Amino acid sequence: MKVILQNLTKKFPARGRKAQGEVIAVNDFNFEIPDGKLIGLLGPSGCGKSTALNLLCGLLKPTEGRIFFGDDDVTDLAPEKREVGMVFQNYALYPHLTVLQNILFPLQNLKGSDKLSKEEMQKKAYEVAKLVQIDTLMERKPSELSGGQQQRVAIARALVKMPRILLMDEPLSNLDARLRLQTREEIRRIQKETKITTVFVTHDQEEAMSISDMIVLMKDGVIQQIGEPQEVYDNPHNLFVAQFLGNPPINIFSGSVKGGKLYIGESAVLDLKGIPDQEVTVGIRPEGFLLKEDGALACKLGGVEVMGRDISVVFTHQASDSQAIRAIVSAESQVNLASAQVRFDLKPGKVFVFNKKTEERIY
């Protein structure tokens, strides 16, 4: 099911004596979600991603704009008539019901021509339970399940009606790291098998990048960038996008363009033809450094952290506000720990230059 969001805006009234004006949680949101794709709605807390999800499912009404499911305008349609499946962060299971009863609950509320026989409901419940691999746990209560199993029950309950759209609001936040990774892979597998258009809300950039067909990165209710995860990582449109994506995070320096060259401090590190002389902000991905004895960028060595197949070289530079800059290099690289200095050349494709004032990318 293709989903179209047109000029979607949600404003909340000001609260409290000191508050002035309305709060714009989602601001002129325009996006077309392709049929059968998994979209990662990504951004920091308070950026409006959960509000956008609540607008999609009908829990909130937009102040402006329209929502289309395929050719159907559902903007004013009640939540229960939108055929949407919702998975919450806190599972929201009924504690007094068994796994089977929790999964059956949405089917038991169907009325009219949609109403199913008891046998049909049981069949659907077991089919979806098998899909999420909990078909052996059907008689247990939620309190007898692990966090990952409870989340699978919540997913099964959302899928059992075969909704037109599946919406997930930070579904992995309550799981430990290993379980989060496992459940993340399961969600991707289930989505590929069912081919249901899915919107996955998260503040975890690694989570979004690993399972999404496309990511929508938001800040203060405004879309910052839309694209395939690797494309957004490799070509950020602005400083916010560059800093939000990547672990370890991108390294930020104060720099300048002079005579067609990019300077960090006093060092000319790259050729930049056709860009006027100006002060700039420079972002360098950790994997963008090349260890070289006569490298263009001289830095003060702090130490080396062994990470198995790679090593992390920690250093400082007077043009960076950060107390520790990290370069990720091959474990085969030789770093002279006795030296106070380390030198690098830079990979041009991993260096991004931003306007000092607007923070927009300079291409």
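In what follows, the structure referred to is the one given above.
Residues numbered from 1 in each chain as written. Predicted model: local features only at pLDDT ≥ 70, side-chain atom pairs only at ≥ 80, totals over all residues. Heavy atoms only, no water.

(A) Representation of the overall build of the protein. Scanning the protein from terminus to terminus reveals eight helices and 21 strands. C-alpha atoms of the protein, sized along the principal axes, occupy 75 × 45 × 40 Å. A burial count over the protein gives 48% of its 363 residues as buried. Pairs at least 24 residues apart make up 66% of the contacts formed inside the protein by residues separated by at least 6 positions. Entry remark: accessible area of the protein is about 18400 Å², with carbon and sulfur atoms responsible for 47%. Here the protein contributes 46 positive and 46 negative side-chain charges, whose respective centroids are spaced 4 Å apart. (Helix = DSSP H or I, 4+ residues; strand = E, 2+ residues; numbered from the N terminus. Buried < 20%, exposed > 50% of the residue type's maximum accessible area, 1.4 Å probe, protein only. Contact = heavy atoms within 4.5 Å. Areas by Shrake-Rupley, 256 points an atom, 1.4 Å probe, with all protein chains shown as cover. Lys, Arg positive; Asp, Glu negative; His and termini not counted. Charge placed at Lys NZ, Arg CZ, Asp CG, Glu CD.)

(B) Focus on helix α3 (residues 118-131). Between the first and last C-alpha of α3 there are 20 Å, a value that for 14 residues agrees with the 20 Å anticipated at 1.5 Å per step. Taken residue by residue, α3 has M121, A125, V128, A129 and L131 as its buried positions. Projection of α3 onto a plane perpendicular to its axis shows the buried side chains occupying an angular sector of 155 degrees, all on one side. Turned more than 90 degrees away from the buried face of α3, the exposed residues are E119, K123 and K130. Looking at the buried positions of α3, the neighbouring elements they touch are α2 (99-108), α4 (147-159) and α5 (177-194). Where α3 terminates, the next one or two residues include Q133, which has phi positive at roughly 65 degrees. (Expected span 1.5 Å × (residues − 1). Arc of directions from axis to C-beta.)

(C) Examining the sheet that holds strand β3 (residues 38-42) more closely. Reading across from one edge, β6-β7-β8-β3-β9-β10 is the order of the six strands in this open sheet, with mixed pairing throughout. Across the chains shown, the open sheet's two edge strands, defined by having one partner strand only, are β6 (84-87) and β10 (222-227). Taking the axes of each pair of neighbouring strands and ignoring which way they run, one obtains an average angle of 20 degrees across the sheet. As paired strands, β3 and strand β8 (residues 197-202) are joined by five bridges and run parallel to one another. Along β8, the bridge assignment pairs G40 with F200. Here α4 sits on the sheet in contact with β6 and β7 (165-169), set at roughly 170 degrees to β6. (Pairing = 2+ DSSP bridges. Axes fitted to C-alpha atoms, helices over the stretch in contact; angles between N-to-C directions.)

(D) How the structure looks around the packing of aromatic side chains. Across all of its chains, the model carries five aromatic pairs by this definition. Here the aromatic rings of Y94 and F105 are separated by 4.8 Å at their centres, their planes lie at 45 degrees, and the arrangement is tilted. Here the residue Y94 occupies a position in the loop between β6 and α2, and F105 occupies one in helix α2, the gap between them amounting to 11 residues. Joined through ring pairs, the aromatic side chains of F289, F315 and F344 make up one cluster. Sitting above the plane of the F12 ring, K10 keeps its charged end 5.3 Å from the centroid. Its end group placed over the ring of Y263, K258 keeps NZ or CZ at 5.4 Å from the ring centre. (Phe/Tyr/Trp six-rings, centres within 6.5 Å; stacked < 30°, edge-to-face > 60°. Lys NZ or Arg CZ within 6 Å of the ring centre and 35° of its normal.)

(E) Structural view of the packing of α4 against α5. For the pair α4 and α5, the least separation of the axes is 10 Å and the interaxial angle reads 20 degrees. One way to sum up the angle between α4 and α5 is to call them roughly parallel. Judged by the sense of rotation from one axis to the other, the crossing of α4 with α5 is right-handed. Two secondary-structure elements touch here, α4 through G147, G148, R152, I155 and L159 and α5 through L179, Q182, T183, E186, I187 and I190. Among the residues forming the contact of α4 with α5, the class breakdown is five nonpolar, four polar and two charged. (Parallel < 35°, antiparallel > 145°, perpendicular 65-115°, else oblique. Left-handed = near helix turned anticlockwise from the far one by under 90°. Nonpolar A, V, L, I, M, F, W, Y, C, P; charged D, E, K, R; others polar.)

(F) Quick look at the packing of α2 against α3. Where α2 contacts α3, the axes come no closer than 10 Å and their chain directions differ by 125 degrees. Considered as vectors, α2 and α3 are oriented oblique to each other. The interaxial crossing formed by α2 with α3 has right-handed handedness. Contacts from L100, I103, L104, L107 and Q108 in α2 reach M121, Q122, K124, A125, Y126, V128 and A129 in α3. Among the residues forming the contact of α2 with α3, the class breakdown is nine nonpolar, two polar and one charged.

(G) Fine view of the pairing of strand β4 (residues 64-69). Bridge count for strand β1 (residues 3-12) against β4 is five bridges, and the pairing is antiparallel. Counted as the bridge partner of L5 is I67 from β4. Where β4 lies against strand β5 (residues 72-73), two bridges are found, and the strand directions are antiparallel. Its bridge partner lying in β5, F68 is registered against D73. Linking β4 back to β5 in an antiparallel pair, the connection comprises two residues, with G70 at a positive phi of about 65 degrees.

(H) Expanded view of the pattern of salt bridges. All chains considered together, the criterion is met by 14 salt bridges. Of the charged contacts in the structure, one is a salt bridge between D234 and K350, with a shortest N-O distance of 3.6 Å. With D234 in helix α7 (residues 229-234) and K350 in the loop between β19 (341-346) and β20 (351-355), this pair connects stretches of sequence that are 116 residues apart. A salt bridge links R326 to E305; its shortest N-O distance comes to 2.8 Å. Of this pair, R326 sits in strand β18 (residues 325-330) while E305 sits in strand β16 (residues 297-306); the two residues are 21 residues apart in sequence, bridging distant segments of the chain. By relative accessible area, R326 is classed as partly exposed at 28%. Salt bridges sharing partners connect three or more residues here, namely R152, E186, R189 and E193. (Salt bridge = Lys/Arg side-chain N within 4 Å of Asp/Glu carboxyl O.)

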